[in-house]
Amino acid sequence: MASSNRTFDLAVIGCGIVGAACARAGTRAGLRTIIVEGSLAGGGATAAGMGHIVVMDGSEAQLALTLYSRRLWQQLIPELPEAAEYRSCGTLWIAEHEAELELARRKQAKLAGQGVACEILDARQLMEAEPCLRPGLAGALRVPDDGVLYPPIAAQWLWQQAQNAGAVMRSGAIVTRIQEQAIHVAGGDRIQAGAIIVAAGSQGAELIPEIPLRPRKGHLLITDRYPGFLRHQVVELGYLQRAHAGTESSVSFNLQPRATGQVLIGSSRQYSHDRAVEPDVLSRMLARAQSYVPRLGDLRGLRAWTGFRAATPDDLPCIGPLPNRPHIFAALGHEGLGITTSLGTAELLLAQMLGAEAPIPAGPFQPARFFIETSPAGHA
Ligand SMILES: Cc1cc2nc3c(=O)[nH]c(=O)nc-3n(C[C@H](O)[C@H](O)[C@H](O)COP(=O)(O)OP(=O)(O)OC[C@H]3O[C@@H](n4cnc5c(N)ncnc54)[C@H](O)[C@@H]3O)c2cc1C
């Protein structure tokens, strides 16, 4: 355990995958780093997530961050432990009918324009690529360099890397308050640090209330082992539209092959604080999945669970300094992409902290966009 009267260059609050990646980047930059975790390292949303490392094109900024982050994961593959279960299985974006295939072509043009390898599969090529799908689907966009991993082990490994480079952890310590260069821990301790990164997941708004985070609940279900049943991460093309339709609750078809031969079935989205698995949401989600993969009904489900994505109003994370407190940095609001974007977040944040050139444009991710300017008294 770290002694609280030491002074650090960097204190990271939260040891989910984002905090662990930030601690690793901090130690790699030579910063004396402490990470303060209130519960279990890698146990928050990170333990609940699906682990799809994916390029997403919901916006230009999202595309830049996911593509950059996927590149960083690819560079790490040779070092990742086998237990992290990284598999370069690729993504199949499924087009149900001809109109969706046209969307797939547009998506292909957009991704290819950024140098992302991808190809259109027609109906026959799709059935050859993924025989468990129902016949009659129009085709798919295949993105071969996307991958999957097991998030809690990946997060622990990132933290281990930081620790090997000298970082220390204060575990079981809940941060109650942050100041410009100090954090206060429940029980009365105060830890001083030159810079602070708040990577507290969906609880981040308790420390930085200006950032409007809402917990977005998701359901997942994992099956028994069926090696060879599924080859790719398979997602319906309308996933982004369904997921962010603004409706109370939505379900989308999203299947993942695990290294163990298990099939991970997702996913749902609803604004909620209630951790309970909801049978009606789960059965809607499974019905959606089965409409694409009829034989799913023959597989034995082992366990269902829920997790909370930290959602911002504009679906982009906050990665940068607070406007009025330049030594405090946010690494928050990663919604359904924090496993993918953890590495890019860490590099983008460290570049801003150290005044280095940002690897991608940092503007769209600035927390300042959520801070309402109050004009001086007497001015409109
Ligand atoms: C169902 C589901 C599926 C998903 N699928 C994917 C996917 O396929 N691909 C992808 O890229 N992403 C996916 N995600 C998103 C991803 O899981 C999250 O974006 C990511 O895990 C967020 O990591 P984090 O480190 O920010 O937060 P967390 O993992 O929640 O970690 C935050 C940590 O901070 C600690 N903490 C909080 N408050 C305090 C405090 N005051 N003091 C001390 N410690 C504190 C918590 O204990 C926790 O350990 C999915 C999420 C869900 C729910």
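Residues numbered from 1 in each chain as written. Predicted model: local features only at pLDDT ≥ 70, side-chain atom pairs only at ≥ 80, totals over all residues.

## Details of the nonpolar core
Here comes step 1: The biggest cluster of nonpolar side chains holds 111 residues, and the ones touching the most others in it are Ala 11, Ile 13, Cys 22, Ile 196, Ile 197, Val 198 and Ala 331.
Here comes step 2: Shared between two domains, this core takes at least three residues from each, and those domains are domain 1 (7–48 + 151–212 + 315–370) and domain 2 (87–147 + 214–311).
Here comes step 3: If we skip the residues at most four places from it in the chain, Ile 196 touches Ala 11, Ile 13, Ile 178, Ile 183, His 327, Ile 328 and Phe 329. (Core = buried A, V, L, I, M, F, W, Y, C linked by C-beta atoms within 7 Å. Buried ≥ 20, exposed ≤ 12 C-beta atoms within 10 Å, placed from the backbone. Domains from an automatic or database assignment. Contact = placed C-beta atoms within 7 Å.)

## As for the environment of Ala 104
Here comes step 1: Mapped onto the secondary structure, Ala 104 falls in helix H4 (residues 98–113).
Here comes step 2: Taking the C-beta count within 10 Å as the criterion, Ala 104 has 21 such neighbours and is therefore assigned buried.
Here comes step 3: Separated by 71 residues in sequence, Ala 104 and Val 175 have C-alpha atoms that sit 45 Å apart.
Here comes step 4: Not counting residues up to four positions away in its chain, the partners in contact with Ala 104 are Trp 93, Ala 95, Ile 120, Gly 139, Ala 140, Leu 141 and Leu 237. (Helix = DSSP H or I, 4+ residues; strand = E, 2+ residues; numbered from the N terminus.)

## Observations regarding the pairing of strand E2 (residues 33–37)
Here comes step 1: Within E2, 5 of the 5 residues are buried, which leaves it mostly tucked inside the rest of the structure.
Here comes step 2: Here E2 shows a buried face lined by Thr 33, Ile 35 and Glu 37 and a second buried face lined by Ile 34 and Val 36.
Here comes step 3: Bridge count between strand E1 (residues 7–13) and E2: 4 bridges; the pairing is parallel. Across the sheet, residue Leu 10 finds its bridge partner in E2, namely Thr 33. (Pairing = 2+ DSSP bridges.)

## Thoughts on the packing of helix H1 (residues 17–28) against helix H6 (residues 151–164)
Here comes step 1: In the contact formed by H1 and H6, the axes pass within 8 Å of each other and the chain directions differ by 25°. Viewed along their axes, H1 and H6 adopt a mutual orientation that is roughly parallel. Helix-helix and strand crossings are classified by hand; for H1 and H6 the assignment is left-handed. Contacts between H1 and H6 pair Ile 17, Ala 20, Ala 21, Ala 23, Arg 24 and Thr 27 from the former with Pro 151, Ala 154, Ala 155, Leu 158, Trp 159, Gln 161 and Ala 162 from the latter.
Here comes step 2: Residues that form the contact of H1 with H6 fall into these classes: 10 nonpolar, 2 polar and 1 charged. (Axes fitted to C-alpha atoms, helices over the stretch in contact; angles between N-to-C directions. Parallel < 35°, antiparallel > 145°, perpendicular 65-115°, else oblique. Left-handed = near helix turned anticlockwise from the far one by under 90°. Nonpolar A, V, L, I, M, F, W, Y, C, P; charged D, E, K, R; others polar.)

## Some words on the domain arrangement of the chain
Here comes step 1: Per the domain assignment, the segments of the chain are domain 1 (7–48 + 151–212 + 315–370) and domain 2 (87–147 + 214–311).
Here comes step 2: Relative placement of domain 1 and domain 2: their C-alpha centres are 30 Å apart.
Here comes step 3: Across the boundary between the two partners, domain 1 contributes 11 residues, which contact 10 residues of domain 2.
Here comes step 4: Here the side of domain 1 that touches domain 2 is composed, by residue class, of 3 nonpolar, 6 polar and 2 charged.

## Remarks on the sheet that holds strand E12 (residues 214–225)
Within a sheet, each strand pairs with its neighbour through backbone hydrogen bonds, oriented either parallel or antiparallel.
Here comes step 1: The strand order across the open sheet formed by 8 strands is E5-E6-E4-E13-E14-E15-E12-E16, and the pairing between neighbours is mixed. Two strands close off the open sheet at either side, each with one partner strand: strand E5 (119–122) and strand E16 (301–311). This sheet shows a mean twist of 25° between the axes of neighbouring strands, independent of strand direction.
Here comes step 2: Of the pairings in the sheet, the one linking E12 to strand E15 (residues 262–271) comprises 5 bridges and is antiparallel in character. Paired with Arg 225 across the strands is Gln 262, a residue of E15.
Here comes step 3: Here helix H8 (residues 279–292) sits on the sheet and contacts strand E4 (91–95), E12, strand E13 (233–236), strand E14 (249–257), E15 and E16; the angle it forms with E14, its principal contact strand, is near 55°.

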